[in-house]
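A look at the structure
Chain residues, written in single-letter form:
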Amino acid sequence: MLSIDLRGRVALILGGSRGIGAGITRAMCQAGAYTVFTHTGNPKNRGRIDMLVEGIGRDGGSVEENTLDALDPEGTKKLVDNIIGKLKKIDILVCNVGRNLARTVEETTVEDWKKFVDINLSSVYYGVKAVIPHMVERKYGRIILIGSSAVFDGGGGAIDYAAAKAGMTGIMKYLCRVYIKKGINTNIVHPCVIDTDLVRGRYSTEEMWQKLSSQIPVGRVGTPEDIAGMVAYLASLWGDYICGQEILLDGGRTMFNK
Ligand SMILES: NC(=O)c1ccc[n+]([C@@H]2O[C@H](COP(=O)([O-])OP(=O)(O)OC[C@H]3O[C@@H](n4cnc5c(N)ncnc54)[C@H](OP(=O)(O)O)[C@@H]3O)[C@@H](O)[C@H]2O)c1
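Now for a description of the structure that goes with this document. (Residues numbered from 1 in each chain as written. Predicted model: local features only at pLDDT ≥ 70, side-chain atom pairs only at ≥ 80, totals over all residues. Heavy atoms only, no water.)

1. Thoughts on the site of the ligand
Around the ligand sit 27 residues, and of these Arg 18, Thr 40, Tyr 161, Ile 194 and Thr 196 come closest. Measuring from an oxygen atom of the ligand, one finds a side-chain N or O atom of Arg 18 at 2.6 Å. Within the backbone of Asn 96, an N or O atom sits 2.9 Å from an oxygen atom of the ligand. In the complex, 97% of the free accessible area of the ligand, which totals 900 Å², lies under the protein chains. Residues belonging to the shell around the ligand are distributed by class as follows: eleven nonpolar, twelve polar and four charged. (Near = heavy atom within 4 Å. Polar contact = N/O pair within 3.5 Å; in protein donor to acceptor, adjacent residues only side chain to side chain. Areas by Shrake-Rupley, 256 points an atom, 1.4 Å probe, with all protein chains shown as cover. Nonpolar A, V, L, I, M, F, W, Y, C, P; charged D, E, K, R; others polar.)

2. A word on the pattern of salt bridges
Summed over all chains, the structure comprises 16 salt bridges. Across the pair Arg 46 and Asp 50 runs a salt bridge, and its minimum N-O distance is 2.9 Å. Of the two residues, Arg 46 and Asp 50 are both situated in helix H2 (residues 46-58); the distance of four residues between them amounts to about one turn of the helix. Across the pair Arg 142 and Asp 240 runs a salt bridge, and its minimum N-O distance is 2.1 Å. Highlighted residues: Arg 142 in strand E5 (residues 141-146) and Asp 240 in the loop between helix H9 (224-235) and strand E7 (246-249), separated in sequence by 98 residues. When salt bridges that share partners are traced, they join Arg 9, Lys 89, Asp 91 and Arg 138 into one network. (Salt bridge = Lys/Arg side-chain N within 4 Å of Asp/Glu carboxyl O. Helix = DSSP H or I, 4+ residues; strand = E, 2+ residues; numbered from the N terminus.)

3. Section: a nonpolar patch on the surface
Together, Leu 2, Ile 4, Tyr 233 and Trp 238 line one region of the surface with nonpolar side chains, adding up to about 400 Å² of accessible area. Its place among the elements puts Ile 4 in the segment before strand E1 (10-14). (Patch = residues over 30% accessible without salt bridge, like charges linked within 9 Å, V, L, I, M, F, W, Y side chains within 5 Å.)

4. Details of helix H6 (residues 159-179)
Taking 1.5 Å of rise per residue, the 21 residues of H6 would be expected to cover 30 Å, and the 30 Å separating its terminal C-alpha atoms lies within 8% of that figure. In the core, the buried residues of H6 are packed alongside strand E4 (92-95), helix H4 (110-138), E5, helix H5 (150-153), strand E6 (184-191) and E7. (Expected span 1.5 Å × (residues − 1). Contact = heavy atoms within 4.5 Å.)

5. Notes on the side chain of Asp 250
The residue Asp 250 is located in the loop between E7 and helix H10 (253-257) in this model. Salt bridges are absent for the buried Asp 250, whose nearest opposite-charge side chain, Arg 253, sits at 7.7 Å. In terms of polar contacts, Asp 250 uses its side chain to reach the backbone amide nitrogen of Gly 252, at 2.9 Å. In terms of polar contacts, Asp 250 uses its side chain to reach the side chain of Thr 254, at 2.5 Å. Look past the residues within four positions of Asp 250 in its chain and what remains in contact with it is Cys 192, Ile 216 and Met 255. (Buried < 20%, exposed > 50% of the residue type's maximum accessible area, 1.4 Å probe, protein only. Lys, Arg positive; Asp, Glu negative; His and termini not counted.)

6. Considering the packing of H4 against H6
Across the interface, H4 lies against H6 with an axial gap of 8 Å and an inter-helix angle of 15°. Considering the angle they form, H4 stands roughly parallel to H6. Here H4 runs over H6; the crossing is right-handed. The segment H4 lies against H6, with Asp 112, Trp 113, Phe 116, Val 117, Asn 120, Leu 121, Val 124, Tyr 125, Val 128, Ile 132 and Val 136 engaging Ile 159, Asp 160, Tyr 161, Ala 163, Ala 164, Lys 165, Gly 167, Met 168, Ile 171, Leu 175 and Tyr 179. Class assignment for the residues of the contact of H4 with H6 results in 17 nonpolar, two polar and three charged. (Axes fitted to C-alpha atoms, helices over the stretch in contact; angles between N-to-C directions. Parallel < 35°, antiparallel > 145°, perpendicular 65-115°, else oblique. Left-handed = near helix turned anticlockwise from the far one by under 90°.)

7. Quick notes on unusual backbone geometry
Phi is positive for Lys 88, which is not a glycine, with a value near 75°. Along the chain, the position of Lys 88 falls in the loop between helix H3 (73-87) and E4. Among the residues examined, Lys 88 registers a relative accessible area of 59% and is labelled exposed. Positive phi outside glycine occurs at Lys 139, with the angle close to 55°. Inspection of the secondary structure assignment puts Lys 139 in the loop between H4 and E5. Overall, the relative accessible area of 64% leaves Lys 139 in the exposed class.

8. So, the nonpolar core
Leu 12, Ile 83, Leu 93, Ile 143 and Leu 145 are the most contacted members of the largest nonpolar core, which has 30 residues in total. Of all the elements in the fold, those that place two or more residues in this core are E1, H3, E4, H4, E5, H6 and E6. No other element matches the seven residues that H4 contributes to this core. Each residue touching Leu 12, except ones within four places of it in the same chain, is listed here: Val 36, Thr 38, Leu 79, Val 80, Ile 83, Ile 90, Ile 92, Leu 93 and Val 94. (Core = buried A, V, L, I, M, F, W, Y, C linked by side-chain atoms within 4.5 Å.)

Rendered as structure tokens:
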């Protein structure tokens, strides 16, 4: 029987509390990885985080949550050092933190630009910077970035978001070129309209949601599990021969829209 086996692996999911990140946290645990995920500590999401952690515990998974501002490089390093102190290693890093607000260039301020580029791009650098020395030392690592289909079609509704996500592809290619021979394999998964808070906020009425679903050739909006399965696959032995790739998971929407 084929399966995704991550037993004995330690995974760090930056932004793993809800939406796609929660799906990835669950999938990592289902595959047997000891999983540490981060979130901002927003009290509004407390109930969902408790449900996520309890559900994983009931299913026999091993999970830990941590509050981390993804814009804090020292905090990110401290968290990584603490995990290594306790668990001795981090095998898998998933950079999923992201935020978006649709608006035109005219409506976008310089502060918006800096804020959203920081959240969507600098957070990836801080995560990578913190884990790389340790992965190099162990000659093993899997880094999976969560980008966006905006890289292919300019969608997403904001100039800073599209630019930051394209920047993630640059980070992924750089990492693969420089570190693949040191045992660290990096890929990027680009989601497109997955049913999460981020997308529900943009398509807020039932009519908008139905219209969106009808634009997707497979006939539905994606689920966090659609993305999580690919991330777990890339993190597993099955992903050994996939290096420096951009994997678009969009139910055919990008091609259909052309
Ligand atoms: N949903 C889609 O259709 C879609 C499409 C293309 C790309 N993506 C990308 O996929 C990723 C996940 O999207 P999603 O839809 O699941 O988003 P979401 O439901 O809004 O979740 C975002 C995650 O990022 C965390 N986060 C945001 N800002 C943070 C910060 N400053 N510090 C630490 N954590 C922070 C959130 O933590 P809190 O819970 O604490 O806020 C949460 O875990 C993002 O990178 C997004 O750009 C999504």
